[in-house]
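Reading the structure
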Amino acid sequence: MVRRLRLRLTAVLLVISGAAGCFANSGGGGGDAGAGGGSRLRVALAFPPAENLSPYGADATILSRLGVTEGLTALDANGAAAPALASSWRRESDRTWRFSLREATFQDGTPLTPAAVVNSLTRAGKAQPVPAALSGVSLAVRARGTDAVEVSTRAPDPILPLRLSSPSLAVFSPKAYDPQGRVDPAGTATGPFVLTKVTGTTAATLDRHDDYWGGRAQASGIDARFIADGTARANALRTGDVDVAEAIPVSQAAAFRQGTLRETATTRTTSLLLNSEAGPFREAGLRATARAAVDTTALARGVYEGHADPGAGIYGPAVTWAAGKRTPPVGRAKAAHPDGASVTLATYDNRPELPETAQVLKQQLEKAGFRVRLVVREYSRLESDALAGKFDAFVLARNSLVDTGDPVAVLTGDHTCHGGYNIAQLCDTDVDRAVARAEATADTGKRQDAALAAEAVILGTDAVVPLVHQRVLTGVATGVRGVLLDPYERTLIDTGTRR
């Protein structure tokens, strides 16, 4: 059945694969060398901007992946906080940290100052909805002399340096903000590439920031295209219209030449989220029935053709500290008969495996006794409805550590009563207590254990059904060097990326 389903979907996608033609050289001269030397990079991204490139939501990772924005800290390969705009930091009390700033220049030519950092972080803390990295956290930021800031939290926050690595907490020049608090990232950030032009939700042009504190980028600029269709992205790389294409469909993998497809284990988990606030899945027994109907091994082997692992929890195999420590879900309800209950299952097509996953889930749920209506749209046309709880079930690919690198943050933002990205509409006192205990734990090992204990309570509600843990496929043209294959999916292009 999965094989037949793929053939049907591929036939549909091939009809629109001619969209790859829109990758013709444009912007700053395509592959030609810029005035300052170095070829421009042509990049195909899967997700068009959903929020006008606001740094406070999902678009924040677009800006960080293209090398536009930076925060005080970054994540290293092990998921620990590393220096970025802050060269160092120290904890001065259980609620206060001091960050020393490096010498850096904004893309508009003004210097990085403590006042600019205070302004950016204060505004981020007041944004609505609040950035996921600040869910449940209140910040107070003060300048300390000419080269440092002090960041205080209302409650002790042992992972504040990790939290400040979030792409949503990037630092901008004062010129970036309008009187209504909106942020214009064009020419106002600190990264190695300057956003110079945005063409709606289809394209963006970036030039090199020659005064970047981390050294001059080897590429003179980036011509980015936002293409939701995975087949079009794959075709664009194969025909030489782009140099880098993210999120290549697994169905296209066999057609790539050796060495041009890179597989990266990520902390991304694809889950089935069941609306626990309204509709049929408000009843825990029906959520239990839906969870029991799902065959995760069939999804990993069939839809993902072995480029994913069966879902084990919110945290997957790339989160190495979770191996062997996970505890079984607690408090699960007894399954109830659906009696033909009608449900709407939604997902998006920017990640091409998701519609196929949803089709297989539809069959599995219908076999269990549900009637299922499937909705598939591009993500930017789906997000607001999903967050408003307008679907009974939603298939979401979510990087569990993208917001802060802290395992507790995704639990707070996605699964608590006041979480800003709570698509399952989950509000459970046991869950909130378990997550609060994890948030209050400072020791790294004990915090991880507390996160796994909270995961067990969350999974016990059956509002979240982990399906697969993904390995992302990135297409990289022959001769391109320095593409950042990041398990946290925050970075892609940097100063060393070139062709």
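Residues numbered from 1 in each chain as written. Predicted model: local features only at pLDDT ≥ 70, side-chain atom pairs only at ≥ 80, totals over all residues. Heavy atoms only, no water.

From N to C terminus, the chain includes 12 helices and 17 strands. Computed over C-alpha atoms, the radius of gyration of the chain comes to 22 Å, within 12% of the 23 Å expected from 2.2 N^0.38 for 499 residues, which places it in the range of a compact globule. The C-alpha extent of the chain, read off along each of the three principal axes, is 65 × 55 × 40 Å. The buried share of the chain, taken over its 499 residues, is 56%. In the chain, 71% of the contacts between residues at least 6 apart in sequence involve partners at least 24 apart. Only carbon and sulfur atoms are counted for the fraction: they give 50% of the accessible area of the chain, which is about 19500 Å². (Helix = DSSP H or I, 4+ residues; strand = E, 2+ residues; numbered from the N terminus. Rg over C-alpha atoms; globule rule 2.2 N^0.38 Å. Buried < 20%, exposed > 50% of the residue type's maximum accessible area, 1.4 Å probe, protein only. Contact = heavy atoms within 4.5 Å. Areas by Shrake-Rupley, 256 points an atom, 1.4 Å probe, with all protein chains shown as cover.)

As a further point, take the packing of aromatic side chains. Scanning the entire structure with this criterion turns up 10 aromatic pairs. Through successive ring pairs, a cluster of aromatic residues spans Phe 47, Tyr 348, Tyr 379, Phe 391 and Phe 394. Seen from the ring of Trp 213, Arg 102 lies directly overhead, with NZ or CZ sitting 4.0 Å from the centre. (Phe/Tyr/Trp six-rings, centres within 6.5 Å; stacked < 30°, edge-to-face > 60°. Lys NZ or Arg CZ within 6 Å of the ring centre and 35° of its normal.)

Grouped together as the largest cluster of nonpolar side chains are 69 residues, with contacts concentrated most on Leu 272, Tyr 315, Tyr 348, Phe 370, Phe 394 and Leu 411. With seven residues, the top contributor of residues to this core is helix H12 (residues 444-460). Aside from chain neighbours lying at most four places away, what touches Phe 370 is Phe 281, Leu 286, Thr 289, Ala 290, Pro 338, Ala 341, Val 343 and Leu 365. (Core = buried A, V, L, I, M, F, W, Y, C linked by side-chain atoms within 4.5 Å.)

Under the criterion given, the structure shown has 26 salt bridges. With its nearest N and O atoms 2.9 Å apart, the salt bridge here joins Asp 223 to Arg 40. Here Asp 223, found in strand E10 (residues 221-226), pairs with Arg 40, found in strand E1 (residues 40-45); they are 183 residues apart in sequence, far enough to count as distant. For the pair Asp 223 and Arg 40, a shared accessibility class is recorded, and that class is buried. With its nearest N and O atoms 2.7 Å apart, the salt bridge here joins Asp 243 to Arg 42. (Salt bridge = Lys/Arg side-chain N within 4 Å of Asp/Glu carboxyl O.)

Below, the discussion takes up the environment of Glu 366. Looking at the secondary structure, you find Glu 366 in helix H8 (residues 353-367). The exposure class assigned to Glu 366 is partly exposed, which follows from its relative accessible area of 32%. Between the C-alpha atom of Glu 366 and that of Ser 342, which follows or precedes it by 24 residues, the distance is 9.7 Å.

Unoccupied space between atoms shows up once a probe the size of one water molecule is rolled over them. Considered as a void within the structure, the second largest pocket measures approximately 610 Å³ in volume. Around the second largest pocket, the lining comprises 30 residues; the ones closest to its centre are Thr 69, Glu 70, Ala 74, Leu 75 and Thr 491. At the level of secondary structure, the elements contributing two or more residues to the lining of the second largest pocket comprise strand E2 (73-75) and strand E3 (81-83). No other element matches E2, which puts three residues into the lining of the second largest pocket. Here the residues of the lining of the second largest pocket are counted per class, giving 15 nonpolar, 10 polar and five charged. (1 Å grid on protein atoms, 1.4 Å probe; cavity = no way out; pocket = protein on both sides within 12 Å on 5 of 7 lines; lining within 4 Å. Points joined across faces, edges and corners; volume = space filled by probe spheres on them. Nonpolar A, V, L, I, M, F, W, Y, C, P; charged D, E, K, R; others polar.)

Under the relative-accessibility criterion, Asp 223 is labelled buried at 3%. Only 2.9 Å separates the side chain of Asp 223 from the side chain of Arg 40, close enough to count as a polar contact. (Polar contact = N/O pair within 3.5 Å; in protein donor to acceptor, adjacent residues only side chain to side chain.)

Let's shift gears to the packing of helix H10 (residues 407-415) against H12. Think of two packed helices as two axes; the pair is described by the angle between the axes and how far apart they sit. H12 packs onto H10 with a crossing angle of 30 degrees between their chain directions and a minimal axis gap of 9 Å. The angle between the axes of H10 and H12 places the two elements in the roughly parallel class. Considering how the two elements wind past one another, H10 and H12 form a crossing that is left-handed. Residues Pro 407, Val 408, Leu 411 and His 415 of H10 form the contact with H12, whose own contacting residues are Arg 447, Ala 451, Ala 454, Glu 455 and Ile 458. Residue composition of the contact of H10 with H12, grouped by class: six nonpolar, one polar and two charged. (Axes fitted to C-alpha atoms, helices over the stretch in contact; angles between N-to-C directions. Parallel < 35°, antiparallel > 145°, perpendicular 65-115°, else oblique. Left-handed = near helix turned anticlockwise from the far one by under 90°.)

Any functional reading would require information that these geometric values do not contain.
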